[in-house]
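Structural features, examined
Now for the letters of each chain:
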Amino acid sequence: MDKKRAMSAVVLLDFWASPFGQRCRIALAEKGVEYEYREENILGDKSPLLLQSNPVHKKIPVLIHDGKPVCESLIVVQYIDEAWPDRAPLLPAEPCSRAQARFLADFVEMK
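Overview of the structure. (Residues numbered from 1 in each chain as written. Predicted model: local features only at pLDDT ≥ 70, side-chain atom pairs only at ≥ 80, totals over all residues. Heavy atoms only, no water.)

Our focus in this paragraph is the pattern of salt bridges. Inspection of every chain in the model, using the stated rule, returns three salt bridges. Between Arg25 and Asp14 there is a salt bridge whose closest N-O contact spans 2.1 Å. On the criterion of sequence distance, the pair formed by Arg25 in helix α2 (residues 19-31) and Asp14 in strand β1 (residues 10-14) is long-range, its members being 11 residues apart. The exposure class assigned to Asp14 is buried, which follows from its relative accessible area of 0%. The salt bridge involving Lys31 is made with Asp81; its shortest N-O contact spans 3.0 Å. Of this pair, Lys31 sits in helix α2 while Asp81 sits in helix α4 (residues 73-83), and the two are 50 residues apart along the sequence. Considered together, Lys31 and Asp81 belong to a single accessibility category, that of buried residues. (Salt bridge = Lys/Arg side-chain N within 4 Å of Asp/Glu carboxyl O. Helix = DSSP H or I, 4+ residues; strand = E, 2+ residues; numbered from the N terminus. Buried < 20%, exposed > 50% of the residue type's maximum accessible area, 1.4 Å probe, protein only.)

Reading across from one edge, β2-β1-β3-β4 is the order of the four strands in this open sheet, with mixed pairing throughout. Each having just a single partner strand, β2 (36-39) and β4 (68-71) make up the two edges of the open sheet. Going across the sheet, the axis of each strand differs from the next one's by a mean of 20°, ignoring polarity. Of the strands in this sheet, β1, β2 and β3 (62-65) are in contact with α2, which crosses β1 at around 155°. (Pairing = 2+ DSSP bridges. Axes fitted to C-alpha atoms, helices over the stretch in contact; angles between N-to-C directions. Contact = heavy atoms within 4.5 Å.)

This next bit is on the pairing of β4. Summarising the sheet, β3 and β4 pair through four bridges and their orientation is antiparallel. Considered in β4, the bridge of Leu63 is made with Val70.

Moving on, we get to a nonpolar patch on the surface. A cluster of nonpolar side chains, Phe103, Leu104, Phe107 and Val108, forms an exposed patch at the surface whose accessible area comes to about 440 Å². Mapping Phe107 onto the fold places it in helix α5 (residues 95-110). Judged by relative accessible area, which is 44%, Phe107 ranks as partly exposed. (Patch = residues over 30% accessible without salt bridge, like charges linked within 9 Å, V, L, I, M, F, W, Y side chains within 5 Å. Areas by Shrake-Rupley, 256 points an atom, 1.4 Å probe, with all protein chains shown as cover.)

Two elements in contact, α2 and α4, have axes whose closest approach is 9 Å; the angle formed by their N-to-C orientations is 5°. One finds that α2 runs roughly parallel with respect to α4. Between α2 and α4, the contacting residues are Phe20, Arg23, Cys24, Ala27, Leu28 and Lys31 on the first element and Ser73, Leu74, Val76, Val77, Ile80 and Asp81 on the second. (Parallel < 35°, antiparallel > 145°, perpendicular 65-115°, else oblique.)

Burial of the side chains of β3 extends over both faces: Val62 and Ile64 are buried on one face and Leu63 and His65 on the other. Where β1 and β3 come together, four bridges link them in antiparallel fashion. Paired with Val10 across the two strands is His65, which belongs to β3. Linkage of β3 to β4, two consecutive antiparallel strands, is achieved through a turn of two residues, within which Asp66 is found at a positive phi near 55°.

Here's what the structure looks like:
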């Protein structure tokens, strides 16, 4: 892999059964973003990369883009939508429809 490609790599630190990580994986797929998936042991020893990338909560999912970590699944999804604006948006263009989509995401988050 060349140096430029390595610097722009997208990495997702996640656990296969995490619904929060699944939210991020779906957003990446919808945007067509290629990424490296790194499975984390959330019950045992957490990787140094996870601890360094999310020192506050020390949990998954964490998206690393250009070496910069983004934590918390809803924030990661928002970041994915904003970081690749040239690809289809994740939310509807109309404000009321966007609000309804956010309401449903919040509802799922709380349940």
